[in-house]
Structure formats: C-alpha cells, structure tokens
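Spelled out, the chains give:
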Amino acid sequence: WLGVGASVFAHWLISSIVPLTSKGRALVGPSLAVLAVLARCYTAFEQCDQSDNWVLHDYGLGHLDPLPRNSILVVKGDIITNSIRYHQVCRGVRPDVRHLDQSMMTYEWYTPQQSKHLPGIKFPKGLYHPYKPNGYSMREFLLENALNEDEPTFLCGGWYHDEQEGGGIPGFILMPMGACDIILPQSEKIGFQRWAKLSKAVLPNATSYWPPAPGIFAIDTWEQVAMTDFWAMWHRRAEDILKACPEGGQLDYIIKNAGVAWGRLQRPESIDKMLYYFRKFVKSSAASPEEKVSRPLATVAPCLANTMA
C-alpha cells in the first residue's frame, strides 16, 4: 500500500506541475520505482557487497577440515551447525564426519529422518530428552558412541544440557582440541606432551583460516561471532599449555603470558582469570633474584617448548 500510495502521489504531483500525455503519465510510477531502486543500490552497495566475505565459509571449514577421519561431531549453535552443514551437503566436504546438532536431536522427527545419514551412530531411544519416557540422556548416547578410539567424538559449542552438578556429563571429560573439545571417558588419560601434539594438529590452518582484523563487522553479526571464536580457539590452547606448567615452577613471563591469553579470549569469565595471573605475575616479579634462580627450570621446559611450537 505504501508503494501504491507513493505512485499515485508522484503521478498527481508531476502531472500538476508538468502536463503529460496519457502515455507519459503511465510511465511515471514505473520510472520512479526504478529510480528508487537504483538510488538504494548506489547508497547501500558497499554495505551489501559480500563478494569478498569468506568468514563463515572459513569458519565452517576450520571446524570440519582438521578433524581425524571418521570423527563424530556433536555441536550446539546455529552458526556452527549451518556453516558445517553447508560444506558437507552443498560441497561434499568430509562426508566421513558424522555431524549431529544437539538441539535438533531433541525433536521426535530427528532420529527417523537423520539416522540413515549417520551410519554407525546408535540412538539409545527415540529422542535426546532425559525427562521423557522415550528419551535418552547425553550420557547414554556417549556410552553407545564415544568409546571407540578409531572414531573419536568431538564437542563444539558446549553441552546443550548439563547432566551433573558443576556442569558436564557424568563419566566423561572434555579436552580442548582445535576448534572443539574431544570427549573422553573419565578414566582415560592423555599425557601433556601427547595432548599438545594432537591439539596443534587439529587447529585450523592459520594461513587459510586466519580471521580479518577486528572492527570490520558489526558486533551483532555472525561474522563477528566467528572471528571471536577463531581468536579464542588459538588463545585457549596457549592458555591451557601455560596453565599446565607446575604452579611452583613458572617463570615470570610464563605467568604474564597466561594473563594475556585469558584477556584476549574476549569472554566475561576470562576477566577473573586474567586478573589472577597478573596479580601472580606482580607478586612473582617482586621476588629476589636468588629466589628466581632457585626455581627448577626443568619443570617449565616442556611448557616453554610447546608454547614456542
């Protein structure tokens, strides 16, 4: 109705000022409509031009491409689900990776419709919902699917529902691995050196997937979310390496770098951690030279090696 009203008003205005033939009057509305579209294209082209925007493309590929063969990928969040599904369904990338969205698993239609696309995945009952008679818990799902070392299971975006006090799933632990976390039985232990090697191998390639500079996209866009996640996954690994150093054997700059790593995670909960390490750095840097020399360098050597790797 706004368009019709504008056309009638423009026709009346122009015909009142400049007499037109019946044919000329018929062209007033369409001509103004075309001019309005062209004007909008001219004023908003730079904002709407996304021909060089590959952030979400790279974001999905950065999650999917580095995973070990035949992995199971459990995710939460639209941006992760949609960017990964685009690559798998539209481009045929990594069809060996079984990708499951936790929120979709809570619907009754999911298991009968999607199980044929997820070979080898065992669904304990009809849907993921521990409080329904035909539902199963995430613990039950992991007991059926996450105990095979040849088909590792990863979590991206966090748990949809925590099943124990303090968060997480009973009997299972998470260890950071690239853009995601690997899900392991609580009894399984991975040594620090092995974890450092594996976690580096599954990080997105910095050359191919490194995000553009901050400030290019608005804070409420998916691109900004993807860029924040990119930075967080790199700094989180660095912080985990630094945190793994024994408390009594950290050098001053190791402690300071841990604070920097927490500060750059850009998460609300990281502020307390950042302040903790900076306070510790101030206290440590105030120690006498004799006290610093007495700290065993051997205890921090593995951490230093992995930090520089």
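Fair warning: this is a prediction, and the values are worked out from it, not measured in the lab.

(A) Structural view of the overall build of the chain. Along the backbone of the chain there are 14 helices and seven strands. By the burial criterion, 39% of the 309 residues in the chain qualify as buried. Contacts spanning at least 24 positions in sequence make up 59% of the contacts within the chain whose residues lie at least 6 apart.

(B) Representation of the packing of helix H11 (residues 252-263) against helix H12 (residues 270-285) within the structure. Close contact between H11 and H12 brings their axes to 8 Å; oriented N to C, the two are set at 160 degrees. As summarised for this structure, H11 and H12 are arranged roughly antiparallel, according to the angle between their axes. Classified by chirality, the crossing of H12 by H11 is left-handed. Contacts from Asp252, Ile255, Lys256, Ala258, Gly259, Val260, Trp262 and Gly263 of H11 reach H12 at Ser270, Lys273, Met274, Tyr277, Phe278, Lys280, Phe281, Ser284 and Ser285. Tallied by class, the residues present in the contact of H11 with H12 amount to eight nonpolar, five polar and four charged.

(C) Structural detail: the packing of aromatic side chains. The full count for this structure, using the stated rule, is eight aromatic pairs. Centre to centre, the rings of Phe123 and Phe141 are 6.1 Å apart; their planes meet at 45 degrees, and the pair counts as tilted. Here the residue Phe123 occupies a position in the loop between helix H6 (110-114) and strand S3 (127-128), and Phe141 occupies one in helix H7 (residues 138-145), the gap between them amounting to 18 residues. Here Phe123 and Phe141 have matching classes, each one buried. Between Tyr276 and Tyr277, the aromatic rings sit 5.1 Å apart at their centres with planes inclined by 75 degrees, giving edge-to-face as the arrangement. Overall, Tyr276 belongs to the partly exposed group, its relative accessible area being 40%. Its relative accessible area of 3% is what places Tyr277 among the buried residues. Three or more aromatic residues joined by ring pairs form one cluster here, namely Tyr107, Trp109, Tyr110, Phe123, Tyr128, Tyr136, Phe141 and Tyr160.

(D) Quick look at the environment of Asp240. Structurally, Asp240 can be placed in helix H10 (residues 222-244). Using a relative accessible area of 14% as the deciding quantity, one classes Asp240 as buried. Along the backbone, Asp240 and Met175 are 65 residues apart, and their C-alpha atoms lie at a distance of 9.7 Å. Every residue in contact with Asp240, bar those within four places of it in the chain, is listed here: Pro176 and Trp195.

Rules of the game
Residues numbered from 1 in each chain as written. Predicted model: local features only at pLDDT ≥ 70, side-chain atom pairs only at ≥ 80, totals over all residues. Heavy atoms only, no water. Helix = DSSP H or I, 4+ residues; strand = E, 2+ residues; numbered from the N terminus. Buried < 20%, exposed > 50% of the residue type's maximum accessible area, 1.4 Å probe, protein only. Contact = heavy atoms within 4.5 Å. Axes fitted to C-alpha atoms, helices over the stretch in contact; angles between N-to-C directions. Parallel < 35°, antiparallel > 145°, perpendicular 65-115°, else oblique. Left-handed = near helix turned anticlockwise from the far one by under 90°. Nonpolar A, V, L, I, M, F, W, Y, C, P; charged D, E, K, R; others polar. Phe/Tyr/Trp six-rings, centres within 6.5 Å; stacked < 30°, edge-to-face > 60°.

The quantities given are spatial measurements derived from coordinates; they are silent on function.
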